[in-house]
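Single-letter residue listing:
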Amino acid sequence: MKLSRRSILLGAGSLPFAVASLRTGALAQTAPTAQNAEVPPILFVHGNGEYDAVWMTTLWRMESNGVARDRMMAIYFTDPLARSDDKVEQAGRSSTEDQRRELAAAIAELKRRTGAARVALVGSSRGGYAIRNVIKNGGVGDVSHAVLCGTPNHGVFATDDQPNNEFNGRGTFLRGLNEGESEVTPGTAFLTLRSDGMDKYAQADGRFIGKPGTPTGVTVEGPELTGATNLVLCALDHREVAFHPRAFRQIYKFIAGREPARIAIVPEQSVRLSGLVTGTPGGVSTNRPVAGATVDVFRVDPDTGERKGGAVHSAKTGADGRWGPAQVEPSWFLEFVLTSPDAPTTHIYRTPFPRSSDVVHLRAARPLGPADKDAGAVVIMSRPRGYLGLPRDVVLLDGKEPADVKPGVPTDSAATLRLPAAEAGRNIVAQFGEERIVARAWPASENRIAIAELTY
């Protein structure tokens, strides 16, 4: 008999962490329940067009709960964007089989590194497709737990056209994953995390995917799976159901079998940062390394964004695209200056890094375009681990709500401020909730763009 979908409402109101216990029979057999059960090695899988750095805060929270850094890994797919047609080669984009193959190799590497028989997988959005694909096609013996966060398991749309689009709920790929009495593979414990209506990719109306007024054929329940534990995280958007502190709590509890000791990130006394420089050849975001890029790191004043002395680190990337390590303090606000071939000089402003990380990846800003032709300076406010929701969130750029952030369901992860030439050089405040970044508006005439990149 087919299992019905079940969910637990986890609200954002007066009881934000209220939860009832609900497990399927298969889940109860495989999920650890002992208080002292060892947490299995964990491999994190990013979504469409993204990279492993999106898991930075989750990795820090795991470390703050005693999970050793060397027992975790975050994959970055070579070409993270999906093809328009999964069966047709497309420059700089990957097929479902490409991602399955790369994820299988990463699982094997994490098992080799740790000596563990099985690992846990945690995926955001499209990353959940790769997880389900690798488990269903021979990997179930390698995977103890699978956590799918905002994964459009029944499609972003479900129509009879575009049968080879992997995001089509009626397409070949998703029909293959979802066939059978249960939509999960027996032997692995599955958890899905979804929003209660704030996920742009789980909407009945096509306006969120560029087709206003056209029914998508999917609902807010689209990320759920029969046979899985399905949890609803109220008021969170498509990305936040993976990266928000409330999402972390559920991920940790499901894998470890117990509540995390803490949600807050525990700072380290000394912080080392390093990462990868990637690019956007032909306008397509990839995770391919960029050689010959220069990275300079400055400490800046948190109130003005002005530099406090010379560079604390300078490096030029080799063939592997790596930069670092830079030694910084956990209280320092930072400016990363990326000078990359065939791209604007990009000034990335960040709030303090409380812990070390080797996934501080830097991708050059997009080239200045027609919309920027009259701008004296361009400042972008970016939120990689969530969207900018109005009126849900406090979102202020230079003291005003950004005009290019649409209200209602959060759909925008960035906002752009264009200033006249007379205002180039002044400081701009980007505020999201309690996170505040002060950036400098660098002259566009010098082919420079500033990015205030939010961490939380």
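The structure presented is a predicted model; accordingly, all values stated were derived computationally and were not measured.

So, on to the pattern of salt bridges. When their charged atoms lie close together, side chains carrying opposite charge are able to pair. Applying the stated criterion across every chain yields a total of 33 salt bridges. Residues Arg-383 and Glu-240 are paired through a salt bridge, measuring 2.9 Å at the closest nitrogen-oxygen approach. On the criterion of sequence distance, the pair formed by Arg-383 in the loop between strand 15 (377–382) and strand 16 (395–397) and Glu-240 in helix 6 (residues 240–243) is long-range, its members being 143 residues apart. Side by side, Arg-383 and Glu-240 carry an identical accessibility label, which is buried. One salt-bridge network, in which partners are shared between bridges, spans Arg-83, Glu-89, Glu-97, Asp-98, Arg-100 and Arg-101.

Take Phe-173: it is sitting in helix 5 (residues 172–178). For Phe-173, a relative accessible area of 13% corresponds to the buried category. Spatially, the C-alpha atom of Phe-173 lies 39 Å from that of Phe-353, the residues being 180 residues apart in sequence. Residues within four places of Phe-173 in sequence aside, it is in contact with Thr-96, Tyr-129, Asn-133 and Glu-166.

With that settled, the discussion passes to the side chain of Arg-239. Structurally, Arg-239 can be placed in the loop between strand 7 (229–233) and helix 6. Ignoring any residue separated from it by four or fewer positions in sequence, one finds Arg-239 in contact with Glu-50, Arg-383, Pro-384, Arg-385, Gly-386, Tyr-387 and Ser-413.

Looking now at the pairing of strand 15. Where burial is concerned, most of strand 15 is hidden: six out of the six residues are buried. Bridge count between strand 15 and strand 17 (residues 414–419): six bridges; the pairing is antiparallel. Pairing of Ser-382 across the sheet is with Ala-414, part of strand 17. One ladder, built from four bridges, connects strand 15 with strand 20 (residues 448–453); its direction is parallel. By the bridge assignment for strand 20, Ser-382 is matched with Glu-453.

Procedures and definitions
- Residues numbered from 1 in each chain as written.
- Predicted model: local features only at pLDDT ≥ 70, side-chain atom pairs only at ≥ 80, totals over all residues.
- Heavy atoms only, no water.
- Salt bridge = Lys/Arg side-chain N within 4 Å of Asp/Glu carboxyl O.
- Helix = DSSP H or I, 4+ residues; strand = E, 2+ residues; numbered from the N terminus.
- Buried < 20%, exposed > 50% of the residue type's maximum accessible area, 1.4 Å probe, protein only.
- Contact = heavy atoms within 4.5 Å.
- Pairing = 2+ DSSP bridges.

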